[in-house]
Amino acid sequence: MNAIRILTLLEATTVSGSAKPVLAFARQAQRAPSELPRADLTVALFHRQGQPEENSFTAAARQAGLPLEFIRERGRFDVAVLRQLKEMVERLRPDVLWTNAVKSHFLARAAGLHRKARWLAFHHGYTATDLKMRLYNQLDRWSLRAADRVVTVCRPFAQELERRGIPSARIRIQHMPVSPLAPSSDQALELRRRLGIAAGERVVLTVGRLSLEKGHADALRVFRLLRDRMPAQPLRLLIVGDGPERRRLGALADRLGLAQSVIFAGHQDQIAAFYAAANVFLLTSHSEGSPNALLEAMSAGLPVVATRVGGVPELAENGEEALLEDRGDHEALADAVLRVFTEPDLRSRLIENGRRKAAGHSPEWFYRSMMRIISETLEH
């Protein structure tokens with residue numbers, strides 16, 4: 001059987017967000033079962049002039065044997081990108097174009113690439129961090145209408161796409177994959193030592209981009225309430241991630257009297273030891289699709305407290321794989337974390353069920369599911 005040639009457009013410099021499933025797919029394609037069509041994947045990366053070409057994503061992609069192409073940009077609105085994309089598609093002749101996020105969706109349609117190959121658009125949700133992103137989000141309504149298939153990560157996002165005029169027959173829901181995480185206790189102990197976390201301190205961990213929709217300000221307020229509920233227990237809040245809200249969150253931590261109790265660890269490519277070093281995972285997002293961090297925490301055996309938003313209830317049932325509360329309900333979220341700390345049977349159930357659920361979202365499962373959608377796209 002001939003391989004299916006796939007060209008995916010990706011804006012990534014780190015192994016996070018939409019880059020993780022692309023890498024998972026590429027690695028699995030190299031050892032795909034013989035009964036499935038073989039996928040030859042090439043990644044086209046946007047590269048802005050003046051920035052380094054090599055980064056943590058390119059390193060991971062090359063290690064995985066993934067062919068890379070570069071789309072050279074001189075600035076934010078460089079019309080030369082359209083010509084480059086057309087030439088790239090003419091040269092590589094992909095069977096399927098796989099775009100990720102609103103920028104690549106828009107450029108694919110603006111360049112007419114959907115007339116050269118079948119088009120699968122992977123929709124990861126919207127953020128509204130600045131005027132540029134709000135403009136792209138509005139343009140997405142026009143872009144996605146030309147796609148043969150639109151893949152999104154949860155039912156609420158699928159419903160939103162339908163309201164934007166995307167026919168439901170073209171929409172598919174695909175949750176994210178997670179690779180098994182099994183960090184050693186030595187790694188966890190070394191990380192705690194490096195971060196200055198004492199042996200008796202309990203750690204509340206949150207992982208994600210520091211942007212408004214992730215609700216990190218809520219995490220700080222929840223942690224402040226938790227400290228009031230557990231005055232005799234030394235506690236730390238460990239925040240992994242970086243983004244536009246970093247300075248504001250630091251100022252809020254100071255105002256709440258948490259400066260000595262909160263660790264801002266920044267973006268981390270190697271995340272397993274952070275899960276192993278923590279005692280509970282807290283997700284306070286206002287909007288989510290199929291959060292990688294939630295699946296990673298469950299895979300690592302960390303009990304989860306999360307907000308009941310987006311695709312979170314599709315991944316974790318309340319009381320079984322996680323404790324779910326309404327977004328912005330600081331009191332309820334603090335009480336849920338307290339329950340994890342004080343109810344051993346509940347904690348054990350969340351850990352066991354979470355690991356089982358995460359195991360069902362393996363890279364092999366993701367590859368099989370995506371290949372079914374890709375085959376559908378070719379037949380469209």
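Residues numbered from 1 in each chain as written. Predicted model: local features only at pLDDT ≥ 70, side-chain atom pairs only at ≥ 80, totals over all residues. Heavy atoms only, no water.

### Here we look at the sheet that holds strand β5 (residues 118-123)
1) Next: Reading across from one edge, β3-β2-β1-β4-β5-β6-β7 is the order of the 7 strands in this open sheet, with parallel pairing throughout. At either end of the open sheet lies a strand with only one pairing partner, and these are β3 (68-73) and β7 (171-173). Pairs of neighbouring strands in the sheet enclose a mean axial angle of 25 degrees, with direction left out of account.
2) Next: Judged from the 4 bridges that link them, strand β1 (residues 4-10) and strand β4 (residues 96-100) form a sheet pairing that is parallel. Residue pairing for β4: threonine 8 is matched across the bridge by tryptophan 98.
3) Next: Strands β1, β2 (39-48) and β3 of the sheet are contacted by helix α3 (residues 80-92), whose axis makes an angle of about 160 degrees with β3. (Pairing = 2+ DSSP bridges. Helix = DSSP H or I, 4+ residues; strand = E, 2+ residues; numbered from the N terminus. Axes fitted to C-alpha atoms, helices over the stretch in contact; angles between N-to-C directions. Contact = heavy atoms within 4.5 Å.)

### A closer look at the side chain of glutamine 84
1) Next: Along the chain, glutamine 84 turns up in helix α3.
2) Next: The exposure class assigned to glutamine 84 is buried, which follows from its relative accessible area of 15%.
3) Next: For glutamine 84, the contacting residues outside a window of four places in its chain are Phe70, Ile71 and Arg72. (Buried < 20%, exposed > 50% of the residue type's maximum accessible area, 1.4 Å probe, protein only.)

### Topic: the sheet that holds strand β8 (residues 202-207)
1) Next: Pairing is parallel in the open sheet, where 6 strands are placed in the order β10-β9-β8-β11-β12-β13. Two strands bound the open sheet, and with one partner strand each, they are β10 (262-266) and β13 (323-325). Averaged over all adjacent pairs, the angle separating strand axes in this sheet is 20 degrees, with direction ignored.
2) Next: Where strand β12 (residues 304-307) lies against β13, 3 bridges are found, and the strand directions are parallel. By the bridge assignment, valine 305 is partnered in β13 with leucine 323.
3) Next: Contacts from helix α8 (residues 216-229) reach β8, β9 (235-240), β10 and β11 (280-283), with the element oriented near 170 degrees to β9.

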